[in-house]
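Structural characterization, general
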Amino acid sequence: MSTESILTVVLPMNATSGIQNMTLEEEEVCDNWREIHHLVFHLANVCFALGLVIPTTLNLHMIFLRAFLCLGCAFFIIWATLFRCALDIMVWNAVFLGINFMHFIYLVYKKRPIKIEKELKGIYHKMFEPLHVPPELFKRLTSQFCRIQTLPKGQTYAIEDKTSVDDRLSILLKGKMKVSYRGHFLHNIYPNAYIDSPEFRSTEMERGEKFQVTITADDNCAYLCWSRERLTYFLESEPFLYEIFKYLIGRDITNKLYSLNDPTLSDK
């Protein structure tokens, strides 16, 4: 027995005729294709397609993706308003356009060039940039809780058994400092090196100690100085930068130890 015969037996006559009409309509769905939409409709879909095929290896792929989505939504709005007169299509694409445009502005803002102060460009390019620290992170590190200070020639940065090691951590920007112990010269400190890295590392677990050496400016010096407490708090919220600091301080201590064993390394 055929399907139509079964439906005729089970269902009332009006229901059977309705199903037959639906079957006939489905058979004729693709017999007559509708005319092709306006060119603007196809431009919108081309923009969507271009946005989706942008390779993720491209540095600005998310910006280009959002830009093409914005263009596609804009073309859809034009098509729905001028050629289709479909209010729902226009409204939905206006919403999508607003969302994608806000994302586009945010991504462009994140990619803006970060201006680093002239005095800090040296330590960024020589110490932090080779370790892939982004400029915006370096800017946050150096703009909130540190300052550039100067020290005239002959003045002391720290005096042994008197100056506390708990207050600060510094990097020499300009000039030269010499380190001595009970009047005996140990080594020099040159630009782009930590001034008090051994003291910072040795007192991470215990506070209240004093410098065991005297650090004196051998030239007119400038140095970048962090508040130790605020720096520690900041590094706790930035694990990547915390590891960078551990590496840089460890390397700096190693260089100082080598210069103690061979004074000629200090000048190199």
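About the cut-offs
Per chain, residues are indexed from 1 in the order of the written sequence. Predicted model: local features are reported for residues with pLDDT of at least 70 only, side-chain atom pairs are reported and counted for 80 or more only, and whole-chain, interface and lining totals are derived from all residues. Side-chain calculation: all heavy atoms of the structure are included, whereas hydrogens and water are not. Going along the chain from the N terminus, every DSSP run of H or I of four or more residues is numbered as a helix, and every run of E of two or more is numbered as a strand. In the analysis that follows, any N or O atom pair within 3.5 Å is treated as a polar contact, provided that within protein one partner can donate a hydrogen and the other can accept it, and provided that, for residues neighboring in sequence, both atoms belong to side chains. A contact between two residues is defined here by any heavy atoms of the two lying within 4.5 Å. Any two strands with at least two DSSP-identified bridges between them are counted as paired. Here an axis means a line fitted to C-alpha atoms, over the contact stretch when the element is a helix, while the angle between two N-to-C directions is reported on a 0 to 180 degree scale. UniProt positions are given in the numbering used here, feature names are shortened, and annotations may be inferred rather than shown by experiment. Residue count minus one, scaled by 1.5 Å, sets the expected span of a helix. Buried, partly exposed and exposed residues are distinguished by accessible area as a fraction of the type maximum, computed with a 1.4 Å probe on protein chains only: under 20%, between the cut-offs, and over 50%, respectively. Put simply, two rings from Phe, Tyr or Trp (the six-membered ring, in Trp's case) pair if the centres are within 6.5 Å, and we call them stacked under 30 degrees between planes, edge-to-face over 60, tilted for the rest. Charge over a ring is defined by NZ of Lys or CZ of Arg lying within 6 Å of the ring centre and within 35 degrees of the ring normal. We call a set of buried residues a nonpolar core when its members are Ala, Val, Leu, Ile, Met, Phe, Trp, Tyr or Cys and they connect through side-chain atoms within 4.5 Å of each other.

By the naming in an unreviewed UniProt entry, the protein chain is POPDC1-3 domain-containing protein, taken from Aquarana catesbeiana.

Another point: the side chain of Thr 163. Along the chain, Thr 163 falls in the loop between strand E2 (156-158) and strand E3 (168-174). There is a polar contact of 2.9 Å between the side chain of Thr 163 and the backbone nitrogen of Ile 159. Setting aside chain neighbours within four positions, we find Thr 163 in contact with Tyr 157, Ala 158, Arg 168, Glu 209, Lys 210 and Phe 211.

Now for the sheet that holds E2. Strand order across the open sheet formed by four strands is E2-E7-E4-E5, with antiparallel pairing between neighbours. Each edge of the open sheet carries a strand with a single partner, namely E2 and strand E5 (184-189). This sheet shows a mean twist of 30° between the axes of neighbouring strands, independent of strand direction. With four bridges connecting them, strand E4 (residues 177-181) and strand E7 (residues 214-217) associate as antiparallel partners. Note on E7: the bridge partner recorded for Met 177 is Ala 217.

The next subject is the UniProt feature "transmembrane region" (unreviewed entry) in the protein chain. What UniProt calls "transmembrane region" (unreviewed entry) maps, in this numbering, to residues 36-56, 63-83 and 89-109. With 100% helix and 0% strand, residues 63-83 has its two end C-alpha atoms placed 30 Å apart. Taken end to end, residues 89-109 comprises 100% helix and 0% strand; its first and last C-alpha atoms sit 30 Å apart.

Before going further, it helps to examine helix H4 (residues 61-84). Compared with an ideal rise of 1.5 Å per residue, which puts 24 residues at 34 Å, H4 spans 32 Å between its outermost C-alpha atoms and is within 8% of the ideal. His 61, Ile 63, Leu 65, Arg 66, Leu 69, Cys 70, Gly 72, Cys 73, Phe 76, Ile 77, Trp 79 and Ala 80 are the residues of H4 that are buried. Looking at the buried side of H4, the elements it contacts are helix H3 (39-53) and helix H5 (87-110). Backbone geometry just downstream of H4 places Cys 85 in the positive-phi region, at approximately 55°.

In this section: the sheet that holds strand E8 (residues 221-227). Here we have four strands laid out as an open sheet, ordered E1-E8-E3-E6, and antiparallel in their pairing. Since the sheet does not close on itself, it has two edges, and those belong to strand E1 (146-151) and strand E6 (193-194), each with one partner. Bridge count for E3 against E8 is six bridges, and the pairing is antiparallel. Each residue of the ladder has a partner; that of Ile 171, found in E8, is Leu 224.

It is worth spelling out the packing of aromatic side chains at this point. Throughout the structure, instances matching the rule amount to 12 aromatic pairs. Taken together, a centroid distance of 5.5 Å and an interplanar angle of 80° make the contact between Phe 41 and Phe 76 edge-to-face. In this pair, Phe 41 sits in helix H3 while Phe 76 sits in helix H4, placing the two residues 35 residues apart along the sequence. A centroid spacing of 5.3 Å and a plane angle of 90° characterise the contact between Tyr 157 and Tyr 223, whose relative ring orientation is edge-to-face. With a gap of 66 residues between them, Tyr 157 in strand E2 and Tyr 223 in strand E8 connect regions that are remote in the sequence. Tyr 223 carries the same exposure label as Tyr 157, and that label is buried. A network of ring pairs unites the aromatic residues Tyr 124, Phe 128, Phe 138, Tyr 194, Trp 226 and Phe 245 as a single cluster. One residue, Arg 112, lies across the ring of Tyr 109, its end atom 4.0 Å from the ring centre. Positioned above the aromatic ring of Tyr 157 is the side chain of Arg 168, whose terminal nitrogen or guanidinium carbon lies 3.8 Å from the ring centre.

A few words now on the nonpolar core. Within the largest apolar cluster, 28 residues are counted, with the highest numbers of intra-cluster contacts made by Phe 128, Phe 138, Leu 141, Trp 226, Leu 241 and Phe 245. At the level of secondary structure, the elements contributing two or more residues to this core comprise helix H6 (121-128), helix H7 (135-143), E3, E8, helix H9 (228-236) and helix H10 (239-261). It is H10 that contributes the most residues to this core, six residues altogether. When near neighbours in sequence (up to four residues on either side) are disregarded, Phe 245 contacts Phe 128, Leu 141, Leu 169, Tyr 194, Trp 226, Leu 231 and Leu 235.

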